[in-house]
Amino acid sequence: PSSAAELISNAEETLNILLVGQDKRGGDEPKRTDAMIFCTINKSTKTLTMTSFMRDLWVYIPGKYNQRMNLPYQLGGFPMLNDTLEYNFGVRANYNIEIDFAGFMKAIDVIGGIELELTDAEAKYLNERGNWGVEDNRDWELKEGVNLMNGSQALAYSRIRQIGTDFGRTNRQRTVLTVLINKAKTLSLKEMYDFANELMPLIRTDMTKAQMIGLLVDMVPMLPDLQIVSQRIPADKQYSFANKNGASVIAMSKKQLQVNKKLLAAAMEE
């Protein structure tokens, strides 16, 4: 957009949390974001809306230049990523959470793994590649159908791009979160509290421990009736591919941008 988007007003009972997955495998330097999921918790409608932002989206980074959506975090952390989301889409997170590969794997292992349903192609791909570039494991015997997957396997599943391109990968990332939330529905408040204590050292966030525990306490009464909405920006047919500086990126017309912004606005309505 040629000017900043109007900020979408939140319903009073709405909370936005930005989840960032980072391809960091050593050292403290920030890297480009592997996953960006904007989570809207709407207490009025008892809905959790998970919106993935595609990393190849061509956006304006305020005060800098046009570039892919996965670059702002590397340039300026949460502040610049939130400024970019606000300028282009009119949304801003109340809180931010970042987790890297090691933290993701340990978090899954802490809760005893998760059950994920694989296609035959996904199972064969994971068995052949393992958790490539992270761990040298080629001894998996995953199969088509439901598998109990440990942290390493769940991470490898979340990173698959060769099946369904990056669009398929963002869907897998939201699938993992959905399974985690459904598993949380079976936990007692004490078990959730214990998990929060285990999780805190594995993430980087601007939430205090008290705020995180408070969020869990608020969520517990909602969990039995919680509806989960999974979507992405851009939505189907609301984008085109373009060539920028010799690379393929995802672009949106002004009309397509407005359609995509409506998805974000709908999640925040009472």
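Residues numbered from 1 in each chain as written. Predicted model: local features only at pLDDT ≥ 70, side-chain atom pairs only at ≥ 80, totals over all residues. Heavy atoms only, no water.

1. Thoughts on the overall build of the protein chain
Counting its regular elements, the protein chain contains 8 helices and 12 strands. Since a compact globule built from 270 residues should have a radius of gyration of about 18 Å, the 18 Å found for the protein chain is in line with a globular shape. Summarising its shape, the C-alpha atoms of the protein chain cover approximately 50 × 45 × 35 Å along the three principal directions. The buried share among the 270 residues of the protein chain stands at 50%. Residue pairs at least 24 apart in sequence account for 66% of intrachain contacts in the protein chain once pairs closer than 6 positions are excluded. Element-wise, carbon and sulfur atoms account for 50% of the exposed surface of the protein chain, whose accessible area totals about 13000 Å². Positive and negative side-chain charges of the protein chain, numbering 32 and 33 respectively, have mean locations separated by a distance of 7 Å. (Helix = DSSP H or I, 4+ residues; strand = E, 2+ residues; numbered from the N terminus. Rg over C-alpha atoms; globule rule 2.2 N^0.38 Å. Buried < 20%, exposed > 50% of the residue type's maximum accessible area, 1.4 Å probe, protein only. Contact = heavy atoms within 4.5 Å. Areas by Shrake-Rupley, 256 points an atom, 1.4 Å probe, with all protein chains shown as cover. Lys, Arg positive; Asp, Glu negative; His and termini not counted. Charge placed at Lys NZ, Arg CZ, Asp CG, Glu CD.)

2. Here's the deal with the sheet that holds strand E2 (residues 33–42)
The 6 strands lie next to each other as E9-E6-E1-E2-E3-E10, forming an open sheet whose pairing is mixed. Looking at the sheet topology across the chains shown, the edges are occupied by strand E9 (204–205) and strand E10 (227–233). Looking at chain direction, E2 and strand E3 (residues 47–53) are connected through 6 bridges and run antiparallel. Residue pairing for E3: asparagine 42 is matched across the bridge by threonine 47. The strands touched by helix H8 (residues 254–267) within the sheet are E2, E3 and E10, with E10 carrying the most contacts at an inclination of about 160°. (Pairing = 2+ DSSP bridges. Axes fitted to C-alpha atoms, helices over the stretch in contact; angles between N-to-C directions.)

3. Re the packing of aromatic side chains
Across all of its chains, the model carries 8 aromatic pairs by this definition. Pairing phenylalanine 167 with phenylalanine 241 gives two aromatic rings, centres 6.4 Å apart and planes at 85°, and the pair type is edge-to-face. Placement of the pair is phenylalanine 167 in helix H5 (residues 165–184) and phenylalanine 241 in strand E11 (residues 240–244), with a sequence separation of 74 residues. Classification of phenylalanine 167 by relative accessible area gives buried; the value is 16%. Since its relative accessible area comes to 54%, phenylalanine 241 is described here as exposed. Measuring from centroid to centroid gives 5.6 Å for tyrosine 239 and phenylalanine 241, while their planes differ by 85°, and the two rings are edge-to-face. Judged by relative accessible area, which is 22%, tyrosine 239 ranks as partly exposed. (Phe/Tyr/Trp six-rings, centres within 6.5 Å; stacked < 30°, edge-to-face > 60°.)

4. A few points about the layout of surface pockets
Empty space within the largest pocket amounts to approximately 370 Å³. Of all the secondary-structure elements, those providing two or more residues to the lining of the largest pocket are strand E4 (58–60), helix H1 (72–89) and H8. Top element by residues in the lining of the largest pocket is H8. It accounts for 4 residues. In terms of residue class, the lining of the largest pocket is made up of 9 nonpolar, 6 polar and 2 charged. (1 Å grid on protein atoms, 1.4 Å probe; cavity = no way out; pocket = protein on both sides within 12 Å on 5 of 7 lines; lining within 4 Å. Points joined across faces, edges and corners; volume = space filled by probe spheres on them. Nonpolar A, V, L, I, M, F, W, Y, C, P; charged D, E, K, R; others polar.)

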